[in-house]
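For reference, the chains in residue letters:
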Amino acid sequence: MRLRCAVLDDFQGVATTVADWTPLGDRVDVVTYTEHFATEDELAAALADVDIVVTLRERVPFPAPLLNRLPRLKLLVASGMRNSVIDYAAARTNGVTVCGTESSTTPPVELTWALLLGLARGIVAENNALRSGGPWQSTVGADLYGRRLGLLGLGKIGSRVAQVGLAFGMRVTAWSQNLTKERADQVGVELAPSKEDLLSTADFVSIHLALGDRTRGLLGAAELALLKPTAYLINTSRAAIVDQDALLTALHEARIAGAAVDVFDTEPLPPNHPMRTAPRLLATPHLGYVSQANYERYYGQAVEAIEAYLAGSPIRLLG
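Rules behind the numbers
Residues numbered from 1 in each chain as written. Predicted model: local features only at pLDDT ≥ 70, side-chain atom pairs only at ≥ 80, totals over all residues. Heavy atoms only, no water. Helix = DSSP H or I, 4+ residues; strand = E, 2+ residues; numbered from the N terminus. Rg over C-alpha atoms; globule rule 2.2 N^0.38 Å. Contact = heavy atoms within 4.5 Å. Areas by Shrake-Rupley, 256 points an atom, 1.4 Å probe, with all protein chains shown as cover. Lys, Arg positive; Asp, Glu negative; His and termini not counted. Charge placed at Lys NZ, Arg CZ, Asp CG, Glu CD. Pairing = 2+ DSSP bridges. Polar contact = N/O pair within 3.5 Å; in protein donor to acceptor, adjacent residues only side chain to side chain. Buried < 20%, exposed > 50% of the residue type's maximum accessible area, 1.4 Å probe, protein only. Right-handed = clockwise from strand over helix to strand, strands pointing away. Axes fitted to C-alpha atoms, helices over the stretch in contact; angles between N-to-C directions. Salt bridge = Lys/Arg side-chain N within 4 Å of Asp/Glu carboxyl O. Phe/Tyr/Trp six-rings, centres within 6.5 Å; stacked < 30°, edge-to-face > 60°.

(A) Highlighting the overall build of the protein. Within the protein, the secondary structure is distributed over eleven helices and twelve strands. Relative to the compact-globule value of 20 Å for 319 residues, the protein shows a C-alpha radius of gyration of 21 Å, a close match. At a minimum sequence separation of 6, the contacts of the protein that also span at least 24 residues come to 65%. Approximately 15,000 Å² of the protein is accessible, and the part contributed by carbon and sulfur atoms is 52%. Looking at charge distribution, the protein has the averaged site of its 29 positive side-chain charges lying 4 Å from that of its 34 negative ones.

Spelled out as structure tokens, the structure:
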């Protein structure tokens with residue numbers, strides 16, 4: 001009996017072309033979904049006769065109630081080696097094997113700088129004006145050289161963002177709850193005495209922290225109020241690290257110069273979401289991990305994971 005595999009959130013319709021799925025051809029039928037399922041009921045109905053699911057990052061939660069409704073599901077492959085929205089205990093109870101894939105830190109680093117530079121130099125506004133016959137030069141760009149870049153988090157991504165900042169001639173400071181001076185010295189950046197000091201002195205603040213109990217809501221109204229009115233905030237990590245209502249208020253009231261975000265409290269972002277129309281905001285639809293090389297890795301290794309599972313030797317197990 002042939003198995004059915006569902007690939008979720010294949011928004012660009014490339015999942016079956018960026019990787020070679022032919023090794024599964026005589027055993028597995030693959031169906032891809034280019035639209036996001038907005039409710040658990042819709043998802044459960046679509047996956048009712050599915051044996052294998054491939055899901056991108058942490059976009060689709062798999063809590064116990066959903067897993068309980070999918071008796072045929074036997075293998076769940078998630079891109080990346082960490083996923084906070086899968087109930088691993090429920091997966092085990094339901095006999096579902098969960099596997100991951102490798103994920104490169106390069107795409108989010110590059111997107112962080114695309115957003116920061118686009119924000120600093122008013123790229124979108126100037127491009128729109130040029131293409132629509134608008135004014136010739138309407139913004140004054142913010143300089144990077146000699147300015148202070150404050151990084152919340154100095155892990156794999158944060159440290160590479162720091163290296164680019166240093167190459168631009170920026171003064172780079174970093175802070176996180178576990179960051180040490182030894183680690184900061186290794187990267188060649190200053191250790192901020194406190195979160196508050198970093199926020200109040202930085203010209204650009206970029207977030208590179210994992211979402212957890214200690215980082216959820218890390219930047220609320222009080223913290224955003226510490227930012228200079230000329231400062232910019234960039235978030236390519238997780239939306240919940242920043243109080244979204246407080247950020248919207250800061251943007252509407254011009255308390256900060258601007259923000260660039262790639263992550264949202266609800267994804268995909270609803271058509272009427274206030275983030276779509278907020279002033280001083282440069283926003284992208286969670287493109288941090290979306291690159292050719294990363295997709296080749298995700299889907300290529302998803303095929304490997306399915307092959308290994310069918311051979312009785314699952315690889316890159318999660319949970």
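There is more to say after this.
(B) Region of interest: the sheet that holds strand 9 (residues 204-207). Sheet architecture is open: seven strands sit in the order 8-7-6-9-10-11-12, paired in parallel fashion. If you trace the sheet from one side to the other, it starts and ends with strand 8 (190-191) and strand 12 (281-283), each paired once.

(C) Geometry of the environment of Thr284. As for its placement among the helices and strands, Thr284 is situated in the loop between strand 12 and helix 11 (292-310). Sequence-wise, Thr284 and Gly155 are 129 residues apart; in three dimensions their C-alpha atoms are separated by 23 Å. Once residues lying within four places of it in the same chain are set aside, the contact partners of Thr284 are Leu111, Leu115, Val261, Asp262 and Phe264. Separated by 2.7 Å, the side chains of Thr284 and Asp262 make a polar contact.

(D) The pairing of strand 5 (residues 97-100), seen in detail. On strand 5, burial covers both faces: Thr97 and Cys99 on one face and Val98 and Gly100 on the other are all buried. In terms of strand pairing, strand 4 (residues 75-78) meets strand 5 through four bridges, oriented parallel. If you follow Val77 over to strand 5, its bridge partner there is Cys99. Between the parallel elements strand 4 and strand 5, the chain passes through helix 3 (residues 88-93) in a crossover that is right-handed.

(E) Summary view of the sheet that holds strand 5. On the basis of which strands lie adjacent, the open sheet formed by five strands has the order 2-1-3-4-5 and parallel pairing. Two strands bound the open sheet, and with one partner strand each, they are strand 2 (28-32) and strand 5. When the angles between neighbouring strand axes are averaged without regard to direction, this sheet yields 20°. Bridging between strand 1 (residues 3-7) and strand 3 (residues 52-55) involves three bridges; their strand directions are parallel.

(F) View of the pattern of salt bridges. All told, the structure shown has 17 salt bridges when counted by the stated rule. Measuring nitrogen to oxygen at the nearest pair gives 3.8 Å for the salt bridge that ties Asp9 to Arg59. Taken together, the residues span a long stretch of sequence, with Asp9 in the loop between strand 1 and strand 2 and Arg59 in the loop between strand 3 and helix 2 (64-68) at a distance of 50 residues. Accessibility expressed as a relative area gives 3% for Asp9, which makes it buried. For Arg59, a relative accessible area of 13% puts it in the buried group. Here Arg238 ties to Glu58 by a salt bridge, and the two come within 2.6 Å at their closest N and O atoms. Taken together, the residues Arg238 in the loop between strand 10 (232-235) and helix 10 (244-252) and Glu58 in the loop between strand 3 and helix 2 connect sequence positions 180 residues apart. A relative accessible area of 23% means that Arg238 is categorised as partly exposed. Taken together, the salt bridges that share partners define one network made up of Asp9, Arg59 and Glu267.

(G) Looking closely at the pairing of strand 1. As paired strands, strand 1 and strand 2 are joined by five bridges and run parallel to one another. If you follow Leu3 over to strand 2, its bridge partner there is Val28.

(H) Inspection of the packing of aromatic side chains at higher detail. Throughout the structure, instances matching the rule amount to six aromatic pairs. With centroids separated by 6.2 Å and ring planes inclined at 45°, the aromatic side chains of Tyr289 and Tyr298 adopt a geometry described as tilted. Residue Tyr298 is classed as buried on the basis of its relative accessible area, which comes to 2%. Judged by centre distance (5.6 Å) and plane angle (85°), the rings of Tyr295 and Tyr299 are edge-to-face. In this pair, Tyr295 and Tyr299 are both assigned in helix 11, four residues apart and thus about one turn of the helix distant. Accessibility expressed as a relative area gives 5% for Tyr295, which makes it buried.

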